[in-house]
Amino acid sequence: GAAAQAEGPDLVRLFDLGATGLEDELRERLFGDASFSSWLSGSAVLHLFLDSLDEARIRIETVADLICDGLDGADFGRLRLRLTCRSADRHYRLEQFLADRFGEDRFAVRELVPLRRVDVAATAQAAGLDPTPFVADIVARELQPLAIRPLTLRFLVDAARSGGALPATATELYD
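All residue numbers here refer to positions counted from 1 along the written sequence of the relevant chain. Totals for whole chains, interfaces and linings use all residues, but because this is a predicted model, local features are given only for residues with pLDDT of at least 70 and pairs of side-chain atoms are given and counted only at 80 or more. Hydrogens and water are ignored here; the side-chain numbers use all heavy atoms of the structure.

### Section: the side chain of Thr20
Put simply, the rule is: A run of H or I in DSSP counts as a helix once it spans at least four residues, and a run of E counts as a strand once it spans at least two, with each numbered from the N terminus. For each residue, the accessible area found with a 1.4 Å probe, counting protein chains only, is set against the maximum for its type, and the residue is called buried under 20%, exposed over 50%, and partly exposed in between. As used in this structure description, the phrase polar contact means that two N or O atoms lie within 3.5 Å; if the pair is within protein, one of them must be able to donate a hydrogen and the other to accept it, and residues adjacent in sequence are counted only when both atoms belong to side chains. Should any heavy atoms of two residues lie within 4.5 Å, those residues are considered in contact.
By the secondary structure assignment, Thr20 is in the loop between β1 (11–16) and α1 (23–31). Classification of Thr20 as buried rests on a relative accessible area of 3%. For Thr20, the side chain forms a polar contact with the main-chain nitrogen of Leu22, separated by 3.1 Å. The residues touching Thr20, leaving out its near neighbours within four places in the chain, are Glu25, Leu26, Arg29, Arg57 and Ile58.

### Some thoughts on the environment of Thr132
Here Thr132 shows up in helix α6 (residues 131–140). According to the relative accessible area criterion, Thr132 is exposed, its value standing at 60%. Taking C-alpha positions, Thr132 is 7.1 Å from Ala121, a pair spaced eleven residues apart along the chain.

### Overview of the sheet that holds strand β2 (residues 46–51)
Operational definition: A strand pair is defined by DSSP finding two or more bridges across the two strands. Note on geometry: axes are lines fitted to C-alpha atoms, helical ones only across the stretch in contact, with angles between N-to-C directions running from 0 to 180 degrees.
Spatial ordering of the open sheet is given by β1-β2-β3, a layout of three strands whose pairing is parallel. Bordering the open sheet on either side are β1 and β3 (79–83), each of which pairs with just one other strand. Averaged over all adjacent pairs, the angle separating strand axes in this sheet is 10 degrees, with direction ignored. Strand direction decides the pairing type here: β1 and β2, joined by six bridges, are parallel. For Val12, the partnering residue across the bridge sits in β2 and is His47. Against the sheet, helix α2 (residues 34–41) contacts β1, β2 and β3, and its axis sits at roughly 135 degrees relative to β1.

Here it is as structure tokens:
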């Protein structure tokens, strides 16, 4: 396809959509700089990471319109877009715009879900821990809210590996 024929290195751009509360500033940062204009008229592939739509200090509706306007007319064959947002704050019109432009085979919505007990056990085992007592200890200490997230699960695994026992409370874990 067009992406395989692109010349030169891929372009990578990351934006925190919550970084500014000013619509004009966000528009300028996303679409007004020379590298975006160069991509539009060039042949490189752009990897565009738009983070924290749900944390935008501008109305999500406004940010969605800004993204649609900025990408309207772009070559979606040379665009790799990742947009992050909490599930409850998804913007369906923006999703429909992107689905229409990318096409069914190149568009997907993914949802990150909490880790399951089997995931926690597999992580413990991969770290060299006996998963059965590790999971039982998490349940006994009511640390499940920490174990279902990868970052805090790593804290739990590291604590178990270094001291042999999990902290009694979440506060002790963070200390």
